[in-house]
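# Examination of the molecular architecture
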Amino acid sequence: MIRLGMLTPSSNTRLEPATAALLRDAPDVTAHFSRFRVTEITLSAAGLGQFDETPILGAAALLADARVDAIAWNGTSAAWLGFPRDEGLCARITQETGIPASTAVLGFREAFTRAGIRRVGLVTPYTGDVQARIQANWGSAGFDCTAERHCNLSDNFSFAEVPEMEVAAMARAVAAEGAEAVAVVCTNMAGTALVEDLEAELGVPVFDSIAVTLWAALRAAGADPGRIAGAGRLSRL
């Protein structure tokens, strides 16, 4: 058995059922979830403070009690806080628990690099200032996110209520602007089930945050990420 630990925002309702669906063809892989409080995505002191290491490491320690093979931060905060934030977090988790760690955002970077993607179509539920911060951070890493769509929401619970048809429309819009891949950046957004149909329609990879986190977690555990069901081109990287 391979056990994967997922650090989960408290107000997220999408990632657990979506992860279970992605693992439907891998009965020997199980996902286990530990929550810490995240209720808003803003650049305010309160919004940024939710991602201090202390509660995250506490949640990781609880997952370690389940003897998981890898621990993944199933959230995208480093998209606006910067890649070094997640690099440091992974190092601290491994230092504290002895377990390999990964994150959604580091998974995106690895997937883009492996696929040779430089023009990313950025799809999120976030506000304009958060979106601009993501564009700047990812741009400095060599990923052009000028093709973008966002919903201008800040309440984390509300992200899950954005209809699939709206997410699909945003994906089509950024692909039409020349994106080499679509990135649905939020682990509480309804993108996971859309991946294969959108890839067939648009002709470009569609990387969904929940699938990317699972892909990264399996890699961290030394397991084959190609066993993920419904993740499209990501599972073949």
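Throughout what follows, the structure given in this document is the object of discussion. Just so it is clear, the structure is predicted and the values come from calculations on it, not from any experiment. (Residues numbered from 1 in each chain as written. Predicted model: local features only at pLDDT ≥ 70, side-chain atom pairs only at ≥ 80, totals over all residues. Heavy atoms only, no water.)

## Some remarks on the packing of helix 3 (residues 53–65) against helix 5 (residues 83–97)
The description of two packed helices rests on the angle between their axes and on the distance between the axes. Note the cut-off: Lines are fitted to the C-alpha atoms to define the axes, a helix being fitted only along its stretch in contact, and any angle between axes, read from their N-to-C directions, falls within 0 to 180 degrees. For the purposes of this entry, the term helix denotes a DSSP run of H or I that reaches at least four residues, the term strand denotes a run of E that reaches at least two, and both are numbered from the N terminus. Any angle between 65 and 115 degrees counts as roughly perpendicular, while under 35 counts as roughly parallel, over 145 as roughly antiparallel, and the rest as oblique. Handedness of each helix crossing follows the sense of rotation of the near helix against the far helix: counterclockwise by less than a right angle gives left-handed, clockwise gives right-handed. Residues count as neighbours in contact if any of their non-hydrogen atoms are within 4.5 Å of one another. In this classification, the charged set is Asp, Glu, Lys and Arg, the nonpolar set is Ala, Val, Leu, Ile, Met, Phe, Trp, Tyr, Cys and Pro, and all remaining amino acids, among them Gly, are polar.
Axis separation between helix 3 and helix 5 bottoms out at 10 Å; the angle between their running directions is 45 degrees. Between helix 3 and helix 5, the angle falls in the class oblique. Here helix 3 runs over helix 5; the crossing is right-handed. Here E53, I56, L57, A60, A61 and A64 of helix 3 come into contact with helix 5, specifically with G88, L89, R92, I93, E96 and T97. A breakdown of the residues in the contact of helix 3 with helix 5 according to their chemical character gives seven nonpolar, two polar and three charged.

## Notes on the pattern of salt bridges
To keep it simple, the criterion reads: Salt bridge, as used here, is a side-chain nitrogen of Lys or Arg placed within 4 Å of a carboxyl oxygen of Asp or Glu.
A full pass over the atoms with the stated rule returns ten salt bridges. Salt-bridge contacts for E110 lead to R219; the nearest nitrogen and oxygen are separated by 3.6 Å. A residue pair is termed long-range when its members are at least 10 positions apart, and E110 in helix 6 (residues 104–115) and R219 in helix 11 (residues 209–220) qualify at 109 residues. Residues joined in a network through salt bridges with shared partners are E53, R92 and E96.

## Description of the sheet that holds strand 5 (residues 120–124)
Spelled out, the test is: Should DSSP find at least two bridges between two strands, the strands are taken to pair.
Strand order in the open sheet formed by four strands is 6-5-7-8, and the pairing between neighbours is parallel. Here the strands that pair on one side only, and so sit at the sheet edges, are strand 6 (148–150) and strand 8 (206–208). Across the sheet, the axes of successive neighbouring strands diverge by a mean angle of 15 degrees, strand direction being ignored. As judged from the three bridges shared by strand 5 and strand 6, these two strands associate in the parallel manner. Bridge pairing links T124 to H150 in strand 6. Against the sheet, helix 6 engages strand 5, strand 7 (181–184) and strand 8, with an angle of about 165 degrees to strand 8. Against the sheet, helix 7 (residues 128–140) makes contact with strand 5 and strand 6, and its axis sits at roughly 150 degrees relative to strand 5, the strand it touches most.

## Some remarks on empty space enclosed by the protein
What counts, and what does not: Only protein atoms enter the 1 Å grid used here, on which a cavity is any set of points holding a 1.4 Å probe that cannot leave and a pocket is any open set flanked by protein within 12 Å on both sides along at least five of seven lines; residues with an atom within 4 Å of a point are listed as lining. Grid points are joined across faces, edges and corners, and a volume is the space filled by probe spheres set on the points.
For the structure on display, the rule yields two cavities of 30 Å³ or more. In this structure, the largest cavity encloses a volume near 80 Å³. What lines the largest cavity is a set of 16 residues, among which P9, I41, T76, Y126 and N156 lie closest to the centre. Residues belonging to the lining of the largest cavity are distributed by class as follows: nine nonpolar, seven polar and no charged. Its volume calculated, the second largest cavity comes out at about 50 Å³. Around the second largest cavity, the lining residues are F51, E53, I56, W73, S77, L81, R85, D86 and L89. Counting only elements with at least two residues in the lining of the second largest cavity, the list comes to helix 3 and helix 5. The element best represented in the lining of the second largest cavity is helix 5, accounting for three residues. Residue composition of the lining of the second largest cavity, grouped by class: five nonpolar, one polar and three charged.

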